[in-house]
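Overview (structure and organization)
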Amino acid sequence: MARSDLDVNEVPDGLIIYDGDSDRVHYLNHTAALIFCLCTGDADATAIAQAVRTSFSLEAAPDEAVASTLADFAREGLLA
Amino acid sequence: MAIKVDDPVAFAQISLMVQRAKHHLDAEVSLELSVEGTLDAGYAVYDNGDLYARVDTLDAVLDAVYMRIYRRAMELASLKGWLRVHGAVASLGARRVAVVGAGAAGKTTLSIGLLELGANVECDESFLTRNAQVVGVARRFHIKPGTLELMADSAWLRDVPTVGSLPVRVLDPSEHGFGWDLPVGPITDLIALRRTDEASRIEGSSAQVLVQEIIAQVFAVLEPRRVIVREAARLGASARCHVLYAGPDGVAPHLVKVLVTPPRVP
């Protein structure tokens, strides 16, 4: 689940997120931004991948890419 | 702001720091500085009657006056939520461009080029931004020897006075037949300026690239970093984004002009 204390700024090409705890700025492209926004705690990685598939009209759910992105989010401290 | 200067030599030099740009913001704070003394005896600089500095040279007087004014102004601006960014701003017709770049990237050279192409160049060193609104910081353009060399064909620049002992000319566009207006409002285009040894070129870019550039070029005063990121993101999201590679060919101002005022095709 995405941390609720992050400063999330929307720009035309994605999100710019400031983490006050680490004093770091994260730049998320459209896909990463969508995945981040879906990290509400209600959907697991599989459901998120399905949502991405639908949003981008993909033939298959990008399970591996989503899992990798979520791992990045966790490593960067963006998830609670 | 009022400055009282006893010594005519210091007065003449300090006068060269005064700019006559047309402002659209109401003054909120009044500063009263006074400079007492002479070149032989030394100077004392007072701010609202309080001693601020004792200095021995004319350059030190100029520096003390300049730093006091701008430091106070930028602190007040920061307290009011304005973010100061290293950059230039110019208006061409209905479009308004903010150019962000590090020191020595070529902002002043580009600014003078745009001035000669008919732009209202608002600032060449820094601007303030808040909620995607932009206003140029009112300061004479500082023309360094390197800029003069690059603009050898612009003979009028040699009429621009220097101030103090530094070889820097201080340009007030309104003293040379150009307009100088400082509007407060949105921009239409945001450009990251980079220097190149190759031919000048301009490329479309993304808000994220420009936001990174803005953050890198912020003069942080009192604001927390989250405010810096927020205001940079607001500005980046508000305009078309580009990267301008300025080469020694002098073409960069023309690229900017064509970008914002494309020629009509009959």
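Predicted model only: the values in this text are computed from it and were never measured.

In this section: the overall build of chain B. For chain B, the count of helices and strands is seven helices and 17 strands. When the 266 residues of chain B are sorted by exposure, 38% land in the buried category. Considering only contacts in chain B between residues 6 or more positions apart, those separated by 24 or more positions represent 70%.

One frequent convention defines the size of an interface as the accessible area lost when the parts assemble. If you look at the interface, chain A gives 13 residues, while chain B gives 12 residues. Looking at the side of chain A that touches chain B, the element that brings in the most residues is strand E1 (residues 7–11) of chain A, giving four residues. Split by residue class, the side of chain A that touches chain B holds six nonpolar, three polar and four charged.

Turning to the packing of helix H1 (residues 30–37) of chain A against helix H3 (residues 63–75) of chain A, a few remarks are in order. The angle between the axes and the distance between the axes are what describe a pair of packed helices. Residues and elements named next belong to chain A. Between H1 and H3, the shortest axis-to-axis distance is 10 Å and the interhelical angle comes to 75°. Between H1 and H3, the angle falls in the class roughly perpendicular. Contacts between H1 and H3 involve Ala32, Ile35 and Phe36 from the former and Val66, Thr69, Leu70 and Phe73 from the latter. Residues that form the contact of H1 with H3 fall into these classes: six nonpolar, one polar and no charged.

Moving on: the sheet that holds E1 of chain A. Taken in spatial order, the three strands make up an open sheet running E1-E2-E3 (chain A), and their pairing is antiparallel. Looking at which strands have only one partner, the edges of the open sheet turn out to be E1 and strand E3 (24–28) of chain A. Taking each pair of neighbouring strands and ignoring which way they run, the sheet shows an average axis angle of 20°. Here E1 of chain A runs beside strand E2 (residues 14–19) of chain A; their pairing, made up of five bridges, is antiparallel. Looking at the pairing, Glu10 of chain A lines up with Leu15 of chain A of E2 of chain A. Sheet contacts for H1 of chain A: E2 and E3 of chain A; angle to E2 of chain A, the most-contacted strand, approximately 60°. Sitting on the sheet, helix H6 (residues 225–237) of chain B touches E1, E2 and E3 of chain A, and the angle it makes with E1 of chain A is about 15°.

A separate point is helix H1 (residues 8–15) of chain B. All names here are of chain B. For H1, the set of buried residues is Ala10, Gln13 and Ile14. For H1, the buried positions fall inside an angular range of 100° around the axis, keeping them on one side. Residues of H1 that are exposed and point more than 90 degrees away from the buried face comprise Pro8 and Ser15. Among the structural elements, strand E1 (2–5), strand E3 (32–38), strand E4 (42–47) and helix H2 (58–79) are those in contact with the buried residues of H1.

All names here are of chain B. The sheet built from four strands is open, its strands ordered E1-E3-E4-E5 with mixed pairing. Two strands lie at the open edges of the sheet, namely E1 and strand E5 (50–55), each paired on one side alone. Between one strand and the next, the sheet's axes are offset by a mean angle of 15°, whatever the strand orientation. Bridge analysis of E4 against E5 gives five bridges, and the strand direction is antiparallel. Residue pairing across strands places Ala44 opposite Arg54, the latter belonging to E5. Contacting E1, E3 and E4, H1 runs over the sheet at an angle of about 150° to E1. Packing of H2 onto the sheet brings it into contact with E1, E3, E4 and E5, and relative to E5 it is tilted by some 145°.

Before going further, it helps to spend a moment on the confidence of the model for chain B. Taken residue by residue, chain B gives an average pLDDT of 92. The fraction at 70 or more is 100%. Listed scores for the predicted complex are pTM 0.92 and ipTM 0.91.

Bringing the domain arrangement of chain B into the picture now. Residues and elements named next belong to chain B. Taken domain by domain, chain B consists of domain 1 (2–79) and domain 2 (83–260). The centre of domain 1, based on its C-alpha atoms, is set 26 Å off from the matching centre of domain 2. Each partner contributes to the interface: domain 1 provides 18 residues, whereas domain 2 provides 21 residues. When contributions to the side of domain 1 that touches domain 2 are tallied by element, the ones reaching two or more residues are strand E2 (22–23) and H2. Examining the composition of the side of domain 1 that touches domain 2, we find that eight residues originate from one element, H2, more than from any other. Taken together, the residues of the side of domain 1 that touches domain 2 break down into nine nonpolar, five polar and four charged.

About the cut-offs
Residues numbered from 1 in each chain as written. Chains lettered and ligands numbered in written order. Predicted model: local features only at pLDDT ≥ 70, side-chain atom pairs only at ≥ 80, totals over all residues. Helix = DSSP H or I, 4+ residues; strand = E, 2+ residues; numbered from the N terminus. Buried ≥ 20, exposed ≤ 12 C-beta atoms within 10 Å, placed from the backbone. Contact = placed C-beta atoms within 7 Å. Nonpolar A, V, L, I, M, F, W, Y, C, P; charged D, E, K, R; others polar. Axes fitted to C-alpha atoms, helices over the stretch in contact; angles between N-to-C directions. Parallel < 35°, antiparallel > 145°, perpendicular 65-115°, else oblique. Pairing = 2+ DSSP bridges. Arc of directions from axis to C-beta. pLDDT = per-residue confidence, 0-100. Domains from an automatic or database assignment.

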